[in-house]
Amino acid sequence: MNTASNKDGYYFTYEVPTTEPINKIDLKFNQTNFNWHIVLEGSQTQNEWFQILDDYRILSIQNEQTNYTYSTLNLPRSKYKYYRLLIKSKVKPELKQAKISLDGSIDASYNTYPTTFMNIKQKGKTTVVDIDLNQKLPLSFLKLNVSDKVDHYRPMTLQYISDSIATEKGLKYTYKTFYRGTLSSVDTTGFKFATTLAQKLRIVIQNNDNQALQIESAVAKGYTHELLVRFDNPADYFLVYGNKNAQLPRYDIQQIASAVPENAPSIDLGNVLEISKQKKTLKKPLFESKVWLWLVMGAVIVILGWFTLRMMAKR
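These numbers were taken from a predicted model, which means no experiment stands behind them.

Looking at this structure, how should I read the overall build of the protein chain?
Summing up its helical and strand segments, the protein chain has 1 helix and 16 strands in all. Rg of the C-alpha trace for the protein chain: 34 Å, well past the compact-globule value of 20 Å for 315 residues, more than 25% over. For the protein chain, the spread of C-alpha atoms along the principal axes amounts to about 130 × 65 × 35 Å. The burial tally for the protein chain puts 29% of its 315 residues in the buried class. Contacts in the protein chain between residues far apart in sequence, at least 24 positions, make up 73% of those at least 6 positions apart. Summed over all atoms, the accessible surface of the protein chain reaches about 23800 Å², with 51% contributed by carbon and sulfur. Side-chain charges of the protein chain comprise 40 positive and 29 negative groups, with the mean position of each set lying 14 Å from the other.

Looking at this structure, how should I read the sheet that holds strand β4 (residues 34-43)?
The strands making up a sheet associate through hydrogen bonds between their backbones, and the pairing can be parallel or antiparallel. In spatial order, the strands read β1-β2-β8-β4-β5-β6; together these 6 strands make up an open sheet with antiparallel pairing. Of all strands in the sheet, those bounded by a partner on one side alone are β1 (2-6) and β6 (67-70). In this sheet, neighbouring strand axes are inclined to one another by 20° on average, regardless of whether the strands run parallel or antiparallel. Sheet topology note: the strand β2 (residues 9-15)/strand β8 (residues 82-88) ladder contains 6 bridges and is antiparallel. Among the inter-strand pairings, Tyr11 is bridged to a residue of β8, identified as Leu86.

Teacher, can you tell me more about the environment of Arg84 here?
Its place among the elements puts Arg84 in strand β8. Sequence spacing of Arg84 and Gln46 is 38 residues, and the spatial spacing of their C-alpha atoms is 9.1 Å. In this view, Arg84 contacts Tyr11, Phe12, Thr13, Val39, Leu40, Glu41 and Trp49; residues no more than four positions away in its chain are not counted. There is a polar contact of 2.8 Å between the side chain of Arg84 and the side chain of Glu41.

Whenever I open this one, the side chain of Ser78 confuses me. Can you help?
Structurally, the position occupied by Ser78 is in strand β7 (residues 72-78). Looking at Ser78, its side chain comes within polar contact range of the main-chain oxygen of Pro76, at 2.8 Å. Among residues more than four places away in sequence, those in contact with Ser78 are Pro21, Ile22, Ile52 and Tyr83.

When you look at the packing of aromatic side chains in this model, what are you seeing that I'm missing?
Ring pairs (aromatic) are described by centroid distance and by the angle formed between their planes. Taken as a whole and judged by the stated rule, the model has 13 aromatic pairs. Here the aromatic rings of Tyr110 and Phe141 are separated by 5.5 Å at their centres, their planes lie at 45°, and the arrangement is tilted. Note that Tyr110 is positioned in strand β10 (residues 110-113) and Phe141 in strand β12 (residues 126-146), a separation of 31 residues in sequence. Of the residues examined, Tyr110 reaches a relative accessible area of 21% and is grouped as partly exposed. Ring centres of Tyr179 and Phe191 lie 5.7 Å apart, and the angle between their planes is 55°; this geometry places the pair in the tilted category. One end of the pair, Tyr179, is in strand β14 (residues 170-184); the other, Phe191, is in strand β15 (residues 191-206), with 12 residues separating them in the sequence. Accessibility expressed as a relative area gives 8% for Phe191, which makes it buried. Of the aromatic side chains, those joined through ring pairs into one cluster are Tyr160, Phe178, Tyr179, Phe191 and Phe193.

What is the right way to look at the nonpolar core in this model?
Soluble, globular proteins show a tendency: their nonpolar side chains are buried together. With 27 residues, the main nonpolar core has Leu27, Phe29, Leu40, Ile58, Leu73, Leu75 and Leu85 as its most contacted residues. Of all the elements in the fold, those that place two or more residues in this core are β2, β3 (22-29), β4, β5 (50-62), β6, β7 and β8. If you look at the next biggest cluster of nonpolar residues, it comprises 22 residues, including Tyr113, Leu139, Leu142 and Leu158.

Would you explain unusual backbone geometry in this entry?
With the exception of glycine, the majority of residues adopt a negative phi angle, and the majority of peptide bonds are in the trans configuration. The backbone of Gln46 sits at a positive phi, close to 70°, despite the residue not being glycine. Topologically, Gln46 is positioned in the loop between β4 and β5. Judged by its relative accessible area of 29%, Gln46 is partly exposed. The phi angle at Asn134 is positive, at roughly 75°, despite the residue not being glycine. Position of Asn134 among the secondary structure elements: in strand β12. In this structure Asn134 comes out as exposed when scored by relative accessible area, which is 54%.

Help me understand the pattern of salt bridges in this model?
Pairing of side chains with opposite charge becomes possible as their charged atoms draw close. Within this structure, the stated rule accounts for 8 salt bridges. With its nearest N and O atoms 2.9 Å apart, the salt bridge here joins Arg57 to Asp151. You can see Arg57 sitting in strand β5 and its partner Asp151 sitting in the loop between β12 and β13 (153-167), a full 94 residues away along the chain. Overall, Arg57 belongs to the buried group, its relative accessible area being 19%. Of the residues examined, Asp151 reaches a relative accessible area of 43% and is grouped as partly exposed.

What's the story with the pairing of β15 in this structure? I'm lost.
Within a regular strand, the side chains alternate between the two sheet faces. Relative to β15, β12 runs antiparallel, the two being bridged by 12 bridges. Within the sheet, the bridge partner assigned to Val129 lies in β15 and is Ile203. Judged from the 5 bridges that link them, β13 and β15 form a sheet pairing that is antiparallel. Looking at β15, one finds that Leu158 is bridged to Ile203.

Criteria and cut-off values
- Residues numbered from 1 in each chain as written.
- Predicted model: local features only at pLDDT ≥ 70, side-chain atom pairs only at ≥ 80, totals over all residues.
- Heavy atoms only, no water.
- Helix = DSSP H or I, 4+ residues; strand = E, 2+ residues; numbered from the N terminus.
- Rg over C-alpha atoms; globule rule 2.2 N^0.38 Å.
- Buried < 20%, exposed > 50% of the residue type's maximum accessible area, 1.4 Å probe, protein only.
- Contact = heavy atoms within 4.5 Å.
- Areas by Shrake-Rupley, 256 points an atom, 1.4 Å probe, with all protein chains shown as cover.
- Lys, Arg positive; Asp, Glu negative; His and termini not counted.
- Charge placed at Lys NZ, Arg CZ, Asp CG, Glu CD.
- Pairing = 2+ DSSP bridges.
- Axes fitted to C-alpha atoms, helices over the stretch in contact; angles between N-to-C directions.
- Polar contact = N/O pair within 3.5 Å; in protein donor to acceptor, adjacent residues only side chain to side chain.
- Phe/Tyr/Trp six-rings, centres within 6.5 Å; stacked < 30°, edge-to-face > 60°.
- Core = buried A, V, L, I, M, F, W, Y, C linked by side-chain atoms within 4.5 Å.
- Salt bridge = Lys/Arg side-chain N within 4 Å of Asp/Glu carboxyl O.

Purely geometric stuff here, so don't read any function into it on its own.
And the structure:
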């Protein structure tokens, strides 16, 4: 609606022409380097304002070492007609876009995996963190707990061991990168990525010319999965698994998962029963032992030699 400024900073007022609530505002600026604090307020009449966010920090750093931007406002579900954004800055922010929306996604449910081993070492200007989960697990979330209270923005990569080669000096591991991001003091929620099956992880943090961070611990998680089924007729149903050659099934419920009632009953599985497969009977060779084979060959040679000598004697 309007833009204004005073000694506190620059104000941007928006009218939201909808009755739906919002919980997210994505801000885009023409500036590439800034470090600002935000105050967000809401109102129904513009006469009385209610604070939604206070001292919320947004940041952008772009140089030869870092390319990092965090300018998304995550706020509690709010339903106002007017929103007023205060950016505390001495320089006028060149606000290019403010995308106001409702993020209706549901927070994922995770299983937390214990880390049985964590080793941290410094290699030049990088910090290498090795984590062992003791077994292969489907990972989709990782968080590093940093004890340093200073601001930090470090490029980092997540890797897992994809192969190993035995050498005279022991096993030599091959690492595969599956995620790249920034370890930041502004966004400490952790890293989310596509589910990756891994046991041994390696996190490589680029410190550049900064002092290495003190990593206290790591939290590794994987999605909790649910199986939705619909039974149309009373019967004994079996959940069969383990066939690597089985094709992906297609059910109607895949297209209408949103129609599944929230109070859908849960079921308990019975005991696991192993499906025994009848082994194919292999035809045994006539002679299983090589000794018999050599005896037969020797007998054949003797007989042929005897007939050969007799034929020569007749001549």
